[in-house]
Amino acid sequence: MYEAGMTGVRLNLSHGTLKERANWLYMAASAARSQGKKTKLLIDLQGPELRVGNFSGEKKLKTDRNVIFGLRGIPVPEILLVEGKKGMRLLLDDGKIEGEILECGKGQLLVKILRGGILKPRKSIAVPGKNMDTPTLTVQDMENLKIARQYGVTGVMLPFVRSGEDLRCLRQVLEKNHGEDIKIFAKIENMQG
């Protein structure tokens, strides 16, 4: 691909870390060098998006069935367990699956599935009409940014940017980790952004 004109690689870090992808990055840099080129590395962070947690395999969520999210159920972020309210709609996996919260409490949400489907780990969660106050950067984002310079990162994509403050936060973290010259790309992916 470098021979055909490719100049860089975009690496989605929603499902892994820079360290875990080190072999891929080495292969891309080696391929570029073999063509007398230097590769650009653009990383795409997790950002403030809500995501289902990790679980083994996949879950078949059937329409008109109830499912537990949280404790002893499908793992979700703590903020959803705290701010979830009866009647709230949840859109999972970019809206492929839809549910409605029936009950809240004791670290759980009971959710009726309105539109079923197959749910895999780390898929998105959206709450239409509700802005959840999630941090700009996840713990994994922070770890990746600490080593971005070491791995040759030249650009960072921040998904689900809500305001200029999100970009200022990212810039401060990059500067703190010697990434002053790393470019930032804002991904505007919702109405709030």
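About the cut-offs
- Residues numbered from 1 in each chain as written.
- Predicted model: local features only at pLDDT ≥ 70, side-chain atom pairs only at ≥ 80, totals over all residues.
- Heavy atoms only, no water.
- Helix = DSSP H or I, 4+ residues; strand = E, 2+ residues; numbered from the N terminus.
- Contact = heavy atoms within 4.5 Å.
- Areas by Shrake-Rupley, 256 points an atom, 1.4 Å probe, with all protein chains shown as cover.
- Lys, Arg positive; Asp, Glu negative; His and termini not counted.
- Charge placed at Lys NZ, Arg CZ, Asp CG, Glu CD.
- Pairing = 2+ DSSP bridges.
- Phe/Tyr/Trp six-rings, centres within 6.5 Å; stacked < 30°, edge-to-face > 60°.
- Lys NZ or Arg CZ within 6 Å of the ring centre and 35° of its normal.
- Core = buried A, V, L, I, M, F, W, Y, C linked by side-chain atoms within 4.5 Å.
- Buried < 20%, exposed > 50% of the residue type's maximum accessible area, 1.4 Å probe, protein only.
- Expected span 1.5 Å × (residues − 1).
- Arc of directions from axis to C-beta.
- Axes fitted to C-alpha atoms, helices over the stretch in contact; angles between N-to-C directions.
- Patch = residues over 30% accessible without salt bridge, like charges linked within 9 Å, V, L, I, M, F, W, Y side chains within 5 Å.
- Salt bridge = Lys/Arg side-chain N within 4 Å of Asp/Glu carboxyl O.

Peer 1: Which residues make up the overall build of the chain, and what values go with them?
Peer 2: Assigned secondary structure in the chain consists of four helices and 12 strands. Expressed as lengths along the three principal axes of its C-alpha atoms, the size of the chain is roughly 60 × 35 × 25 Å. Contacts in the chain between residues far apart in sequence, at least 24 positions, make up 70% of those at least 6 positions apart. In the form shown here, the chain has an accessible surface area of approximately 11100 Å², with 52% of it arising from carbon and sulfur atoms. Here the chain contributes 32 positively and 22 negatively charged side chains, and the mean placements of these two sets differ by 4 Å.

Peer 1: Break down the sheet that holds strand S10 (residues 124-126) for me, with residues and values.
Peer 2: Spatially, six strands are ordered S3-S10-S6-S7-S8-S5 in an open sheet, and the strand pairing comes out antiparallel. Among the strands making up the open sheet, the edge pair consists of strand S3 (50-51) and strand S5 (66-70). Of the pairings in the sheet, the one linking strand S6 (residues 89-92) to strand S7 (residues 97-105) comprises four bridges and is antiparallel in character. Looking at the pairing, Leu91 lines up with Glu98 of S7.

Peer 1: I'd like a rundown of the packing of aromatic side chains, residues and numbers included.
Peer 2: As enumerated under the stated definition, the model contains zero aromatic pairs in all. Between Arg21 and the ring centre of Trp24, over which it is positioned, the NZ or CZ distance is 4.9 Å.

Peer 1: Give a description of the nonpolar core that names residues and reports values.
Peer 2: Across soluble globular proteins, you tend to see nonpolar side chains buried next to one another. Counting 23 residues, the largest nonpolar core has Leu61, Phe69, Ile74, Leu80, Leu92 and Leu119 as the members making the most contacts within it. Elements with a minimum of two residues in this core: S5, helix H2 (78-83), S6, S7 and strand S8 (108-115). Residues in contact with Leu92, not counting those within four places in the same chain, are Val52, Leu61, Phe69, Ile97, Leu119, Ser124 and Ile125. Core analysis: the next-biggest nonpolar cluster, separate from the first, contains 19 residues, Leu11, Val156, Leu158 and Ile182 among them.

Peer 1: Please set out helix H1 (residues 22-34) residue by residue, giving values where relevant.
Peer 2: A rise of 1.5 Å per residue sets the reference length of H1, with its 13 residues, at 18 Å; its end C-alpha atoms lie 18 Å apart and thus fit the reference within 8%. Turning to H1, its buried residues are Leu25, Ala28 and Ala32. Down the axis, H1 shows its buried residues gathered within 65° of arc, on one side only. Residues of H1 that are exposed and point more than 90 degrees away from the buried face comprise Asn23, Tyr26, Met27, Arg33 and Ser34.

Peer 1: Requested: an account of the sheet that holds strand S11 (residues 155-158), with residues and values cited.
Peer 2: If you trace the four strands from one edge of the open sheet to the other, you get S1-S2-S11-S12, paired in parallel fashion. Each of the sheet's edge strands pairs with one partner strand only, and the pair in question is strand S1 (8-12) and strand S12 (183-186). In this sheet, adjacent strand axes meet at a mean angle of 20° when their direction is disregarded. Pairing geometry for S1 and strand S2 (residues 40-44), over five bridges, is parallel. Paired with Leu11 across the two strands is Ile43, which belongs to S2.

Peer 1: Account for a nonpolar patch on the surface, with residues named and values stated.
Peer 2: Residues Trp24, Tyr26 and Met27 make up a contiguous nonpolar surface patch of roughly 410 Å² in combined accessible area. Structurally, Tyr26 can be placed in helix H1.

Peer 1: Please give an account of the pattern of salt bridges that cites residues and values.
Peer 2: Under the criterion given, the structure shown has 12 salt bridges. Taking the shortest distance from any N to any O, the salt bridge between Asp181 and Arg149 comes out at 2.1 Å. Here Arg149 lies in the loop between helix H3 (139-146) and S11 and Asp181 lies in the loop between helix H4 (164-176) and S12, a separation of 32 residues in the sequence. Overall, the relative accessible area of 35% leaves Arg149 in the partly exposed class. Taking the shortest distance from any N to any O, the salt bridge between Arg162 and Asp166 comes out at 3.0 Å.

Peer 1: I'd like to hear about H3, residue by residue, with values.
Peer 2: For an α-helix, 3.6 residues make a turn, and residues three or four places apart therefore share a direction. Listed as buried for H3 are Asp141, Asn144 and Leu145. For H3, the arc enclosing every buried residue in end-on projection is 100°, short of the 170-degree limit, so these residues lie on one face.

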